[in-house]
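# Per-entry structural report
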Amino acid sequence: MAAPASGLALLFATVCVAGCSGVGKPFSQRRPAFEPGTGLVVGVISSPAKIPLSPDAVLRLMLVRLPAPGVEESIVAESRQRLGTTRLPIRFWLEFPWRAVDSSAAYALRGEIRNRGRNRLASRVTQRVLTGGYPSMLELVVEPVGESNR
């Protein structure tokens, strides 16, 4: 059963990308392909750090089912997109199959940006989504990882 917020997410995603075609457009302007039984997590990825990214930087988004007693964390949906010349902040969407979502479980969105083969930025805060009253629209903040952080 679809969460009530899914209709709002669908409206937000449609407004954000209305009129954009996927061919030759930056990642943030591509239109998602809607399939029956598919939900969306949508929002903006931002970062307080101003790390320059190369044109081959890759954004990885993961919708994960959080661990619970007797249940390990698992990835429900995942996407990888080359960012090209797109700069942060950027709009995003992640499609997922509603049949894979259990309304009694907890879910979170995680993101990371790899640049020149290294993981440079990652979400550090667990951003709950979809169930338990959590939204399907959010701002995902990614922060530097590695030697530049304590």
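Residues numbered from 1 in each chain as written. Predicted model: local features only at pLDDT ≥ 70, side-chain atom pairs only at ≥ 80, totals over all residues. Heavy atoms only, no water.

## Focus: the confidence of the model for the chain
Fine structural detail should not be taken from predicted coordinates in areas where pLDDT scores are low. Formally: Residue-level confidence of the predictor is summarised by pLDDT, bounded by 0 at the bottom and 100 at the top. Put simply, DSSP H or I for four residues or longer makes a helix, DSSP E for two residues or longer makes a strand, and each gets a number counted from the N terminus. By the convention used here, residues are in contact when the closest approach between their heavy atoms is within 4.5 Å.
On average, the chain scores 78 in pLDDT, and the residues at 70 or more come to 74%. Averaged pLDDT values for the elements of the chain fall to 41 in helix α1 (residues 5–17) and rise to 94 in strand β2 (residues 58–65). Here residues 1–28 scores under 50 on pLDDT; set against residues more than four positions off or in separate chains, the count is 45 contacts.

## Some words on the environment of E139
Rules: Only protein chains enter the accessibility calculation, which uses a 1.4 Å probe; a residue whose area is less than 20% of its type maximum is buried, one above 50% is exposed, and one in between is partly exposed. Throughout this description, a polar contact denotes any pair of N or O atoms lying within 3.5 Å of each other; where both atoms belong to protein, one of them has to be capable of donating a hydrogen while the other can accept it, and for residues adjacent in sequence the pair is counted only when both atoms sit in side chains.
With respect to the element layout, E139 can be found in strand β8 (residues 137–144). For E139, a relative accessible area of 46% translates into the label partly exposed. Sequence separation of E139 and I45 is 94 residues, and the distance between their C-alpha atoms is 5.8 Å. Beyond its immediate sequence surroundings of up to four residues, E139 is in contact with V44, S46 and Q127. At a separation of 2.4 Å, a polar atom in the side chain of E139 contacts the side chain of S46.

## Focus on the pattern of salt bridges
Defined as follows: Counted as salt bridges are all cases of a side-chain nitrogen of Lys or Arg within 4 Å of a carboxyl oxygen of Asp or Glu.
According to the stated counting rule, one finds 6 salt bridges in the structure shown. Notably, a salt bridge pairs E112 with R60, separated by 3.4 Å at the nearest N-O pair. Taken as a pair, E112 in strand β5 (residues 107–115) and R60 in strand β2 lie far apart in primary sequence, 52 residues in all. For the salt bridge of R65 with D102, the shortest nitrogen-to-oxygen distance reads 3.8 Å. Pair noted here: R65 is in strand β2 and D102 is in the loop between β4 (90–97) and β5, with a separation of 37 residues, a long-range link. Accessibility expressed as a relative area gives 23% for R65, which makes it partly exposed. When salt bridges that share partners are traced, they join R60, E78, R80 and E112 into one network.

## Describing the pairing of β5
Here is the rule: When DSSP finds two or more bridges between two strands, those strands count as paired.
β5 sits mainly inside the fold: 7 of its 9 residues count as buried. Summarising the sheet, β2 and β5 pair through 8 bridges and their orientation is antiparallel. Considered in β5, the bridge of L61 is made with G111. By the bridge criterion, 3 bridges tie β5 to strand β7 (residues 127–129) in an arrangement that is antiparallel. By the bridge assignment, L109 is partnered in β7 with Q127. Sheet topology places β5 next to strand β6 (residues 118–123); 4 bridges connect them, and they run antiparallel. Pairing of R114 across the sheet is with N119, part of β6.

## Looking at the side chain of S54
As for its position among the elements, S54 is in the loop between β1 (38–46) and β2. Here the side chain of S54 touches D56 through a polar contact of 2.2 Å, side chain to side chain. In contact with S54, not counting residues within four places along its chain, are G84, N115 and R116.

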